Amino acid sequence: MAAPTPVVRDSHENLNGTLWYQTSAEFRVDSASKYRIARQTLDTALANKGWTAALEQTGNVKSLPVAVIMDLDETVLDNSPAQGQQVIDRKPYVPATWSEWIALADAAAVPGAIDFIKYAQLKGVTVFFVTNRTKDEEPKTRENLQKFGISLPNDLDTVLTKGEQPDWSSDKGTRRKFVANKYRIALLIGDDLGDFLSGAKDTPQKRVTMAEQHPNWWGERWILLINPLYGSWEGALYGHDFSMPDDQVLKLKFDQVKGFK
Ligand SMILES: [Mg+2]
């Protein structure tokens, strides 16, 4: 006879998400499909000189060189081992463990990402990485990217980290504006609402409303990779208060799950 299921199971909120990311065919198919769409859209954007993918872009864009803006974490870099470690240790996010992971510069690539970057660069498009990794983390981040054979220009910083300039906060709008001042932005690619829109650190409901204001851009100008592990969607469940004790965070999460009994 099988042992009875304990009342409280020993598990972790990222167990299934991490395994989906690390083992599923579905994740690979989804990610590769998104990058195939990105490639097709890039061709369209290159041919249409009035095209832009950034709400921050203003003025005449026709004569500007073309750029693509990509997020890094869970868009280009697969950090699921850092999530996996949390699951194994039954721990919430710990900044020191994240730093330890970044220092290894050993993230794998998200399926499809590297081929897309190389394709864009071959077409003469400048690829900017707008990441909420910090300036201190930039050297290891570059090292990780270069392992994939991506060329990062010496005469132009294309890895735009959080806090690198005074107004470069975790909200990426100012960095998109910075790029848009000199380039026509063909595509935004990311895994978080904040990779596309300013003000993504809001309530779940407002985030949905914000996303729905641009129905035709998703899946075309805006390519969203799936990240079930973390993101501003998760912070939204507890008011983006990262100082909140873990037991309170968990309680708030359980409170927001819809059941039927
Ligand atoms: Mg990301």
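Attention here is on the structure that accompanies the text.

Reading the values: the criteria
Residues numbered from 1 in each chain as written. Predicted model: local features only at pLDDT ≥ 70, side-chain atom pairs only at ≥ 80, totals over all residues. Heavy atoms only, no water. Salt bridge = Lys/Arg side-chain N within 4 Å of Asp/Glu carboxyl O. Helix = DSSP H or I, 4+ residues; strand = E, 2+ residues; numbered from the N terminus. Phe/Tyr/Trp six-rings, centres within 6.5 Å; stacked < 30°, edge-to-face > 60°. Lys NZ or Arg CZ within 6 Å of the ring centre and 35° of its normal. Core = buried A, V, L, I, M, F, W, Y, C linked by side-chain atoms within 4.5 Å. Buried < 20%, exposed > 50% of the residue type's maximum accessible area, 1.4 Å probe, protein only. Contact = heavy atoms within 4.5 Å.

Details of the pattern of salt bridges
Item 1. Counted under the stated rule, the structure contains 16 salt bridges.
Item 2. Between Lys34 and Asp30 there is a salt bridge; the shortest N-O distance is 3.1 Å. With Lys34 and Asp30 both in helix α2 (residues 25-47) and four residues apart, this pair spans about one turn of that helix.
Item 3. With its nearest N and O atoms 3.5 Å apart, the salt bridge here joins Asp43 to Lys123.

Things to note about the packing of aromatic side chains
Item 1. If you walk through the whole model with that rule in mind, you get eleven aromatic pairs.
Item 2. On the numbers, 4.9 Å between centres and 75° between planes, the contact of Trp218 with Trp222 is edge-to-face.
Item 3. Over the ring of Trp51 we find Arg221, and its NZ or CZ is 3.9 Å from the ring centre.
Item 4. Here Arg221 stacks its cationic end above the ring of Trp217, 5.1 Å away from the centre of that ring.

What to know about the nonpolar core
Item 1. Core analysis: the largest hydrophobic core is formed by 39 residues, its most contacted members being Tyr35, Met70, Val76, Phe116, Phe129 and Ile189.
Item 2. The set of elements that each furnish at least two residues to this core consists of α2, β1 (66-70), α4 (95-104), α5 (113-122), β4 (126-134) and β6 (184-190).
Item 3. Of all the elements, α5 adds the most residues to this core, at six residues.
Item 4. The residues touching Met70, leaving out its near neighbours within four places in the chain, are Tyr35, Val76, Phe116, Ile117, Val127, Phe128, Phe129, Val130 and Ile189.
Item 5. If you look at the next biggest cluster of nonpolar residues, it comprises 20 residues, including Ala53, Tyr183, Leu197 and Trp222.

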